[in-house]
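# Observations on the model geometry
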Amino acid sequence: TSIESVILQSTDFQALDDVVVNYSDKSILNIQVKHTDEDANFTYSFLASGKKPLLNALALEWKNNKDNYNFKGIQIVTNKKWGPQETDGKCSMDDFISKVFPCLQDNYNYTSAKPNEQKAIEWYRENLEINLDYNEAACFTKIFSFRKESCLADVEEKIRVKIGEILGTDNSDAIDFCLNSLLSKLNIWKREAGNNKRKCIWSIMLYRAGCSFI
């Protein structure tokens, strides 16, 4: 009930544009969706490599807009698996996200007694502080998060369940018809300019159903 609207591909942002959730207290949640149809891992290099490293892009855009928006959170949503292997002396991405990063959110000065975890911490700070100063990096880390989503087939099933609840039926033909109609309309809808009431209603429904892949 605290959500006022949800915008996909917001024109107000570039790196933080995939999903923008607007709340009644005027705060916003920015979600970047990094899904894949392949069996791939979410790795350190995926987060901070290339011409426009993802972590740096998110942090820089937050920095440039933090005085104009009340950022409730910045979240990466992906169906990729957290990388299970140690990399260049750093603990696995799985361990970093599940064990180490929550400690950094609570205390940006956190240090680990485990060398591989400490190496990952230093890697994170080094990359984040390319564009942010110490205090900015600490503030960004508090609102930054990772969320692993189901595979696309599982997410589609969530939509099917939600459609069935809305229609009050478990008839598969009726649900299939509505699902196909919804997806075809969204292909047009996501390209339309502006933000109307119909757009907000569908967005809220999809967001609450956990359908962040669109």
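The rules we used
- Residues numbered from 1 in each chain as written.
- Predicted model: local features only at pLDDT ≥ 70, side-chain atom pairs only at ≥ 80, totals over all residues.
- Heavy atoms only, no water.
- Pairing = 2+ DSSP bridges.
- Helix = DSSP H or I, 4+ residues; strand = E, 2+ residues; numbered from the N terminus.
- Axes fitted to C-alpha atoms, helices over the stretch in contact; angles between N-to-C directions.
- Core = buried A, V, L, I, M, F, W, Y, C linked by side-chain atoms within 4.5 Å.
- Buried < 20%, exposed > 50% of the residue type's maximum accessible area, 1.4 Å probe, protein only.
- Contact = heavy atoms within 4.5 Å.
- pLDDT = per-residue confidence, 0-100.

Okay, the sheet that holds strand β1 (residues 3-8) next. On the basis of which strands lie adjacent, the open sheet formed by five strands has the order β1-β2-β3-β5-β7 and mixed pairing. Across the chains shown, the open sheet's two edge strands, defined by having one partner strand only, are β1 and β7 (144-148). Taken pair by pair, the neighbouring strands of this sheet meet at an average axis angle of 20°, ignoring direction. Sheet topology places strand β3 (residues 27-33) next to strand β5 (residues 70-78); seven bridges connect them, and they run parallel. Paired with V33 across the two strands is V77, which belongs to β5.

Another point: the nonpolar core. Counting residues in each nonpolar core, the largest one holds 38 residues, and the members touching the most others are L47, F96, Y124, L128, F140, F144 and F146. If you list the elements that add at least two residues to this core, you get α1 (44-48), α2 (54-65), β5, α3 (93-106), α4 (115-128), α5 (134-143) and β7. Excluding anything up to four places from it in sequence, L47 contacts F42, P53, L54, L55, I76, M93, W123 and F146.

Another point: unusual backbone geometry. Phi is mostly negative for residues that are not glycine, and the peptide bonds are mostly trans. For Q9, which is not a glycine, the phi torsion comes out positive at approximately 55°. Residue Q9 is classed as partly exposed on the basis of its relative accessible area, which comes to 46%. With a phi angle near 50°, D88 is a residue other than glycine that sits in the positive phi range. With respect to the helices and strands, D88 occurs in the loop between β6 (81-82) and α3.

The next subject is the confidence of the model for the chain. With 86% of its residues at a pLDDT of 70 or more, the chain has an overall mean of 87. Segment residues 193-202 is flagged for pLDDT under 50; beyond a separation of four residues in sequence, or across chains, it makes nine contacts in the model.

In this fold, E136 is placed in helix α5. Beyond its immediate stretch of four places on either side in the chain, E136 contacts W62, K63, K66 and N131.

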